[in-house]
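# Observations on the three-dimensional arrangement
Residues per chain are reported as follows:
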Amino acid sequence: MPKTEADLFAFLAELGIEVSTRRHPPLFTVADSQALRGEIAGGHTKNLFLKDKKDNFFLVSVGEEAIVDFKQIHHLIGAAGRVSFGRPEMLMELLGIVPGAVTVFGLINDTEQRVKVVLDEDLMSHAVVNAHPLTNEATTSIAAADLVKFVEATGHDAVILKVSA
């Protein structure tokens, strides 16, 4: 069974990471999320669950308005050839989340470190980063440095690259 939102918050507390979470109606797209602008400060994420031709999986987290060149991103993230979106079944299997709730916090469920995470440099320039806490019915605000701490505590490398155009 995938970890729950409560499991995530307990894990963050064990790490000494303070977060704040705001409840809201389900948000499925960046456009839905933008309705909350002004109410939640910081960088807001757009998350891409990608796979390459060798079934390597990537979670790329960029700012909500970032433009990503899908014809070139594979060169930046170390993929074996061009990438496509990962199937919902693999999203659930690897990160324990469903489409519309893709989040870097899903790494808590990737106990075998099968997903390579890439955090966009522009996103990480914000003092605070906002992401769904395993559900699209809330937004959790976390300090950028603490997000890196979280990623590393899940056993993943916190790769920070300039992937947005």
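Residues numbered from 1 in each chain as written. Predicted model: local features only at pLDDT ≥ 70, side-chain atom pairs only at ≥ 80, totals over all residues. Heavy atoms only, no water.

### Here's the deal with the pairing of strand β2 (residues 43-51)
The condition that has to hold: For every residue, the accessible area (1.4 Å probe, protein chains only) is compared with the maximum for its type, and the residue is labelled buried under 20%, exposed over 50%, or partly exposed between those bounds. Only DSSP runs of H or I reaching four residues or more are called helices, and only runs of E reaching two or more are called strands; each is numbered from the N terminus. What makes two strands pair is DSSP finding at least two bridges between them.
Most of β2 sits out of view: seven of its nine residues are buried. Where β2 and strand β6 (residues 128-131) come together, two bridges link them in parallel fashion. Directly across from H44, in β6, lies its bridge partner N130. Two elements, β2 and strand β3 (residues 57-63), share seven bridges in a ladder whose sense is antiparallel. Its bridge partner lying in β3, T45 is registered against G63. Hairpin geometry of β2 and β3 is characterised by an intervening segment of five residues between the two adjacent antiparallel strands and by a positive phi of about 60 degrees at D55.

### Section: the packing of aromatic side chains
Quick note on the threshold: Only Phe, Tyr and Trp rings are paired, with Trp represented by its six-membered ring, and only when their centres lie within 6.5 Å; those with planes under 30 degrees apart are stacked, over 60 edge-to-face, the remainder tilted.
Evaluated as defined, the whole model comprises four aromatic pairs. On the numbers, 5.9 Å between centres and 80 degrees between planes, the contact of F11 with F150 is edge-to-face. Highlighted residues: F11 in helix α1 (residues 5-14) and F150 in helix α6 (residues 144-153), separated in sequence by 139 residues. Owing to a relative accessible area of 0%, F150 belongs among the buried residues under this scheme. Ring pairs connect the aromatic residues F11, F105 and F150, which therefore count as one cluster.

### Some details on the environment of P2
Test applied: Residue contacts are defined here by distance: any two heavy atoms, one from each residue, within 4.5 Å place the two residues in contact.
Along the chain, P2 falls in the segment before α1. Judged by relative accessible area, which is 31%, P2 ranks as partly exposed. In this structure the C-alpha to C-alpha distance between P2 and D110, which are 108 residues apart in sequence, comes to 9.2 Å. Not counting the four nearest positions on each side in its chain, P2 is found in contact with M92, G96 and N109.

### Things to note about α6
Going by this rule: The directions considered for the arc run from the helix axis to the C-beta atoms.
Buried within α6 we find A144, L147, V148, F150 and V151. Summarising the axial view, the buried residues of α6 lie within an arc of 160 degrees, below the 170-degree limit, and thus occupy one face. For α6, the elements touching its buried residues are α1, β5 (115-120), α5 (121-124), β6, β7 (138-143) and β8 (159-161). Phi turns positive one or two residues past the end of α6, at G155, with a value near 90 degrees.

### As for the nonpolar core
Soluble globular proteins: nonpolar side chains tend toward being buried together. Defined as follows: Nonpolar core, defined: a set of buried Ala, Val, Leu, Ile, Met, Phe, Trp, Tyr and Cys residues in which side-chain atoms within 4.5 Å join the residues together.
Core analysis: the largest hydrophobic core is formed by 32 residues, its most contacted members being L95, F105, L107 and F150. Contributing elements (two or more residues each) for this core: α1, β3, α4 (88-95), β5, α5, β6 and α6. Looking at which element gives the most residues to this core, the answer is α6, with five residues. Not counting residues up to four positions away in its chain, the partners in contact with F150 are L8, F11, L12, L15, I17, V104, F105, L107 and I108. Judged by nonpolar contacts, the second largest core, of 13 residues, contains F58, V62, I73 and V163.

### Re the pairing of β3
Across the seven residues of β3, seven count as buried, placing the element largely inside the fold. Of the strand pairs in this sheet, β3 and β5 are connected by five bridges, and their pairing is parallel. Note on β5: the bridge partner recorded for V60 is V118.

### Overview of the environment of F58
Considering the arrangement of structural elements, one finds F58 in strand β3. For the pair F58 and V118, spaced 60 residues apart in the sequence, the C-alpha separation amounts to 7.4 Å. When near neighbours in sequence (up to four residues on either side) are disregarded, F58 contacts L48, F49, L50, D52, I77, G78, A79, V115 and K116.

Interpretation in functional terms is not warranted from these geometric data alone.
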